[in-house]
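# Tertiary structure, described
What follows is each chain in one-letter form.
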Amino acid sequence: MAQVSLKDVSKIREGGVRTVDRINLGVENKEFLVMVGPSGCGKSTTLKMIAGLETVSEGKIWLGDRMVNDVPAKDRNIAMVFQNYALYPHMTVFENMAFGLKLRHYAKDEIIRRVNEAADILGIKRFLERRPKDLSGGERQRVALGRAIVRKPMVFLFDEPLSNLDAKMRDKMRHEIHLLRLRLQTTFIYVTHDQIEAMTLGDRIAVMKDGRLQQCADPITIYDKPANKFVASFIGSPTMNFMRGRIIKKERKYYFDEGRFQVKLVDEMFKSITPYEGKEVIFGIRAENIYDKLFVSQSSPENTIQAVCEVVEPLGSAVHLYLNSGKHKFIARVGGHNRPEVNRDMDIVLDMSKVHFFDIESENTII
């Protein structure tokens, strides 16, 4: 079974700096786990510790029922695909894909069979006699994938494999990696800073910050129920809007008072928000949950605010409205037909069933 388990795993650099801090994470057999976070958050270091390319300072890593902290990388039955492809420029595509098998003394016929099989899967058979310099970025990435596939490893590790490609090629390769996963039926751990890759590829997403795991869950849970403000801000484009204000109570109802406007919380939130009555909180709402009142069939004064539209940004099927309440700036994502006049007051409707609240001090999610 190609399960991967990390138990209190840390990486401590010189001076006691923890680049990875007590990570606990389990990856199931045949699961596609995406590790996501900003540059320097420790995700690539974690991947390299799983691969055996970095030593573990604290904790244990298990592959199946085998603890592998002291097992050399070559003996872990793991294949890793790097950001820079790591192809040998003087070798042909065939020789690059076959190199690892030759080192392990596979028979010539078996090497030819495996390389041809991988080349068929990736559609690169016509490139087998070419050298890397004669290939495009996407073709080189397929060769790097092929070199991993021929080994038939228990676990595939990907370290930002698409970051060197242009946007169109990233979309295409992302689709091909998804199909590859379905065909190979093995375990994938994929590191990226791109939230689109995370949301579209992962069965689960592990969000990291400052060496620590912030949340690990399926993409919809990460998006709809973020564990804290950082996760809420990192996942989603445009990023979630945040505003500071106070929770107040009027006539047995709770309201968020931003300073320039007040909006009523839905009844289901009252129990969770009660301890914050009279206190400052962070209010969060995603751009797609903010509407122009002219295009909403139902609204009320309790969820309608006024704001100035400063910029209208058409994106084809959608439009981004850059709004200003007088105290906070925020973004709405509305339909492509919605083009309000710039620098005029607008009535804006907030979907209060979709809002989030975060604690000021801890930034953990309240609701």
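Here is what the cut-offs are and how they apply
Residues numbered from 1 in each chain as written. Predicted model: local features only at pLDDT ≥ 70, side-chain atom pairs only at ≥ 80, totals over all residues. Heavy atoms only, no water. Pairing = 2+ DSSP bridges. Helix = DSSP H or I, 4+ residues; strand = E, 2+ residues; numbered from the N terminus. Contact = heavy atoms within 4.5 Å. Axes fitted to C-alpha atoms, helices over the stretch in contact; angles between N-to-C directions. Salt bridge = Lys/Arg side-chain N within 4 Å of Asp/Glu carboxyl O. Buried < 20%, exposed > 50% of the residue type's maximum accessible area, 1.4 Å probe, protein only. Right-handed = clockwise from strand over helix to strand, strands pointing away. Core = buried A, V, L, I, M, F, W, Y, C linked by side-chain atoms within 4.5 Å. Phe/Tyr/Trp six-rings, centres within 6.5 Å; stacked < 30°, edge-to-face > 60°. Lys NZ or Arg CZ within 6 Å of the ring centre and 35° of its normal.

## With respect to the sheet that holds strand S2 (residues 18-27)
On the basis of which strands lie adjacent, the open sheet formed by 4 strands has the order S2-S1-S4-S5 and antiparallel pairing. Since the sheet does not close on itself, it has two edges, and those belong to S2 and strand S5 (66-67), each with one partner. Here strand S4 (residues 58-63) pairs with S5 via 2 bridges, running antiparallel. Paired with Leu63 across the bridge in S5 is Arg66. Sheet contacts for helix H1 (residues 43-51): strand S1 (4-12), S2 and S4; angle to S1, the most-contacted strand, approximately 120 degrees.

## Quick notes on the pattern of salt bridges
Enumeration according to the criterion identifies 24 salt bridges in this entry. Residues Arg174 and Asp171 are paired through a salt bridge, measuring 3.0 Å at the closest nitrogen-oxygen approach. A residue pair is termed a helical-turn pair when its members lie 3 or 4 positions apart in one helix, as Arg174 and Asp171 do in helix H5 (residues 167-184) at 3 residues. Under the relative-accessibility criterion, Arg174 is labelled buried at 15%. A relative accessible area of 43% places Asp171 in the partly exposed class. Where Asp351 meets Lys354, a salt bridge forms, and the shortest distance between an N and an O atom there is 3.9 Å. Given a relative accessible area of 43%, Lys354 falls into the partly exposed group. One connected set of salt bridges, linked through shared partners, spans Arg18, Asp21, Arg22, Glu58 and Arg212.

## Description of the pairing of strand S7 (residues 155-159)
Along any regular strand, the residues point their side chains to alternate faces of the sheet. S7 sits mainly inside the fold: 5 of its 5 residues count as buried. Residues Val155, Leu157 and Asp159 point to one face of S7 and Phe156 and Phe158 to the other, with burial holding for every one of them. Note: strand S6 (residues 78-81) against S7, 4 bridges, orientation parallel. Paired with Ala79 across the bridge in S7 is Phe156. Here 5 bridges tie S7 to strand S8 (residues 187-192), and the two strands are oriented parallel to one another. Looking across to S8, one finds that Leu157 is bridged to Ile189. A crossover connection joins S7 to the parallel S8 through H5; in handedness this β-α-β unit is right-handed.

## Quick look at the nonpolar core
Counting residues in each nonpolar core, the largest one holds 46 residues, and the members touching the most others are Met97, Val115, Leu145 and Tyr190. When neighbours within four sequence positions are excluded, Tyr190 is seen to be in contact with Phe32, Leu33, Val34, Met35, Phe158, Pro161, Leu162, Ile177, Glu197 and Leu201. Residues Phe261, Leu265, Ile285 and Phe357 belong to the second largest nonpolar core, which totals 31 residues.

## Considerations on unusual backbone geometry
The step from Ser237 to Pro238 runs through a cis peptide bond, and the omega angle for that step is 0 degrees. Relative to the helices and strands, Pro238 is located in the loop between helix H8 (229-234) and strand S11 (241-250). Residue Glu251 is not a glycine yet carries a positive backbone phi of 50 degrees. With respect to the secondary-structure elements, Glu251 resides in the loop between S11 and strand S12 (253-257).

## What to know about the packing of aromatic side chains
On inspection of all chains with the given rule, the structure shows 14 aromatic pairs. Taken together, a centroid distance of 5.7 Å and an interplanar angle of 25 degrees make the contact between Phe230 and Phe234 stacked. Here Phe234 and Phe230 lie together in helix H8, a separation of 4 residues that amounts to about one turn. Both residues of the pair, Phe230 and Phe234, count as buried. Through a chain of ring-to-ring contacts, the aromatic side chains of Phe32, Phe156, Phe158, Phe188 and Tyr190 assemble into a single cluster. Taking NZ or CZ as reference, Lys250 lies 4.6 Å from the ring centre of Tyr255, over its face. Sitting over the ring of Tyr276, Lys279 keeps its end group 6.0 Å from the ring centre.

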